[in-house]
Amino acid sequence: MCGIIGYIGKNVESVILDGLERLEYRGYDSAGLAVCRQGNIQSFKAVGEVSKLKRTVKFCDDFGIGIGHTRWATHGAISLENCHPHFSQSGDTALVHNGIIENFEDIKAQLSGMQYYGQTDSEVAAKLIGDKLSISSLRKMIKKIAGSFAFAAISKGGDSIYFAKQKSPLYIAKKDDGVMLASDPSCFAGFSNEYISLDDGEYGRVSISNLTIYDSNDKILQKQPQKLDFKFVDEEKKGYAHFMLKEIYQSRLTLENIIEKYSGSQMQEVLSQIKSLNFDRIFLIGCGTAYHAALIGQYYLRQAFCIDIYAAVASELQNECLPIDESSLCIFISQSGETADTLAALEYCREKGGKIVSITNTIYSTMAQKSDFCLPLCAGQEKAVASTKAYFAQCLILYIFTLFLQRKDYITSLKTFKNQIDYGDDFALGEIADFISKYQKVFFIGRGVDLITAKEASLKLKEITYIFSSAESSGELKHGVIALVDENLPVIVIATDEHLFKKTLNNAHEIKSRGGKLILFTTLNIDDDTAACFDKVIKANSAQKPLLPLQIIIQLQKLAYFTAVKLGNNPDKPRNLAKSVTVE
Ligand code: G6P
């Protein structure tokens, strides 16, 4: 899985590198590009981030034809050999691929006389398409492949980029003096304000003067471009050491953007239309952090309504035999709008007749396009892999949605919250980060909605610190997990609900009696005797009850951040992860 780009025009190397930087959220294990000029192909590759590739590239402003790739490894180690572009046997064809070729081993067994330099499924596609790149060789290749792909290929002496799409996104923008293909239309911002969206099974070739697209029945298609109403803002750190910290501190700004957007008539109209749909159950679906936002949405909606409301992990949705049909409202939550598991779940719900709503930060994303309605997050670009302000925004939109269905005023409540947001005491959080960075494992516990916050805080910690961490229900501890408690285990207790606090406190005592170290994150006012039970206490400002999970998560996000920095990790680009995982 990965991001791909193709470009025909001047300054090919710098245009491709710029595009790869925008696509880096799709993976940063390695990056590469190949450019054809005066009949020759030159390629550059680097293991690691696009910035490393940039240092190896020889720039040229002459006209050329190029393709580029940023990789999140699926098959084959993270190495230079496995870095794209991949080459046909003679090296005359170069190809980049996003997706997974499920039958690559069968194809490899059938292709005789090939020498492979790496272990990827994509290299097999390059060998299969062959040294003579044409529509016919492309067509033959894609008919043999099972799985998902977006391909872009160029050849020595050629004037075109050949492309094909199946389940992985691919878009084309064409002007008189340039052509661009990319996995994400954000690459087109600044280049063109129109683009063509390819559908599954489509393939073709594009040159400066010509664009030919075939459908899956090999018939030529005329596709109309759509408008790109989007300005790419390449965020800078602006004095912050990392994007993650900056993005945590953008929570208040995000809230302000949401208040502005959702008090306007346009969003009121969208919400009214969703409300008027005939539904009697709601599914909330996402992956990773977005799934935790789905759980928060489930909590809000279940408090308000007596209908079936169910939060599901996108990758498991199809295995759960859920009653999804024409009377289901299916809400998909995704920062990027490109996560493959979430998109597959969306297709599944659509086939079952469900009405589709997306909550996303990326309004031109595949998810937004495939939805009946889109509720934007208004969080601005989120660069750090670990989602912070987008999670905050996802929960807020679900809060707005719930209150709107109840015909309640949400704007006043959000305006009040704006002044209550508590970013915490860096010194105190830093001390706790120092403390937990010395341990091999950490547990988070909570009850009710605090268990959801525990899950999200635990995910943040493991994503960027690589410390083993687990979120457990306070009440469930004694049914097994307590066997793991000893003096080598810090347990972070999350408590924002005064009605559940007594029980949680009992569970904390059970941990303390077994030598566990206790850290409390709370919005409640606790007395000195209670505080004395804990090794450390973080007290955040109170707020309206439904917004307490948002108040407390900010400080837990910062805790994960400070711990990662303490351990010498780059919190913005944690190992093995991508901002959006575009394979199932
Ligand atoms: C990846 C990221 C997670 C993120 C998840 C969902 O797994 O590493 O941090 O929560 O994708 O991303 P989405 O863009 O769908 O919200």
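In short, a report on the structure. Chains are numbered independently. Their residues run from 1 in the order of the written sequence. Local features in this predicted model are restricted to residues of pLDDT 70 or higher, and side-chain atom pairs are both shown and tallied only at a pLDDT of 80 or more, whereas totals for entire chains, interfaces and linings draw on every residue. For the side-chain quantities, the full set of heavy atoms in the structure was used; hydrogens and water were omitted.

## Quick word on the overall build of the chain
The line we're drawing: For the purposes of this entry, the term helix denotes a DSSP run of H or I that reaches at least four residues, the term strand denotes a run of E that reaches at least two, and both are numbered from the N terminus. Values of the radius of gyration come from C-alpha atoms, whereas the globule rule sets the reference at 2.2 Å times the count of residues to the power 0.38. Accessible area is worked out with a 1.4 Å probe on protein chains only. A residue is then buried under 20% of its type maximum, exposed over 50%, and partly exposed in between. Note on contacts: a residue pair is in contact if any heavy atoms of the two residues lie within 4.5 Å. Where accessible areas are quoted, they stem from the Shrake-Rupley method and a 1.4 Å probe; at the residue level, only the protein chains shown are allowed to cover. As used throughout, the charge tally considers Lys and Arg to be positive and Asp and Glu to be negative, leaving His and the chain termini uncounted. To locate a charge, take NZ of a lysine, CZ of an arginine, CG of an aspartate or CD of a glutamate.
Each helix and strand in the chain was counted, giving 18 helices and 25 strands. The globule rule puts the C-alpha radius of gyration for 584 residues at 25 Å, and the 25 Å found for the chain is close to it. Along the first, second and third principal axes, the C-alpha set of the chain runs to 80 × 55 × 45 Å. In the chain, buried positions account for 60% of the 584 residues. Long-range contacts, defined here as pairs at least 24 residues apart, represent 72% of the contacts in the chain between residues at least 6 apart. Roughly 23,000 Å² of accessible area belongs to the chain as shown, and the carbon and sulfur atoms make up 47% of that amount. In the chain, 65 positive and 68 negative side-chain charges are present, and the distance between their average locations comes to 1 Å.

## Let's talk about the sheet that holds strand S17 (residues 308-313)
Stated formally: Pairing between two strands requires that DSSP report at least two bridges joining them. In this analysis, axes come from line fits to C-alpha atoms, helices being fitted only over the stretch in contact, and the angle between any two N-to-C directions falls in the range 0 to 180 degrees.
Strands sit in the order S17-S16-S18-S19-S20 across an open sheet of five strands; the sheet is parallel. Both edges of this open sheet fall to S17 and strand S20 (373-376), since each of them pairs with a single strand only. Across this sheet, the average inter-strand angle for adjacent strands is 20 degrees, counted without regard to direction. Alignment of strand S19 (residues 355-360) against S20, held across four bridges, turns out to be parallel. By the bridge assignment, Thr360 is partnered in S20 with Pro376. Against the sheet, helix H12 (residues 389-405) contacts strand S16 (281-286), strand S18 (328-334), S19 and S20, and its axis sits at roughly 155 degrees relative to S18.

## Notes on a nonpolar patch on the surface
Going by this rule: Within this analysis, patches are made of residues with over 30% relative accessible area and no salt bridge. Like charges are joined at 9 Å or less; nonpolar side chains (Val, Leu, Ile, Met, Phe, Trp, Tyr) at 5 Å or less. By convention in these notes, a salt bridge is any Lys or Arg side-chain nitrogen within 4 Å of a carboxyl oxygen on Asp or Glu.
Taken together, Val47, Ile78 and Leu80 make up a surface patch of nonpolar side chains, about 230 Å² in accessible area. Mapped onto the secondary structure, Ile78 falls in the loop between strand S4 (64-71) and strand S5 (86-87).

## Some thoughts on unusual backbone geometry
The amide bond that connects His84 to the next residue, Pro85, takes the cis arrangement and shows omega of -5 degrees. Here the phi dihedral of Asp218 falls at roughly 65 degrees; this positive angle occurs in a residue that is not glycine. Mapping Asp218 onto the fold places it in the loop between strand S13 (211-214) and strand S14 (220-221). When its relative accessible area of 30% is taken as the criterion, Asp218 is described as partly exposed. Phi at Lys238 takes a positive value of approximately 45 degrees, unusual for a residue other than glycine. Relative to the elements of secondary structure, Lys238 occurs in the loop between strand S15 (226-227) and helix H6 (243-248).

## Some details on the state of the cysteines
For the record, the criterion: Cysteine sulfur atoms are paired as a disulfide whenever they come within 2.5 Å of each other.
Under the defined criterion, the tally for this structure stands at zero disulfides. In this structure Cys349 is not part of a disulfide, and its nearest cysteine sulfur, from Cys330, lies 3.8 Å away.

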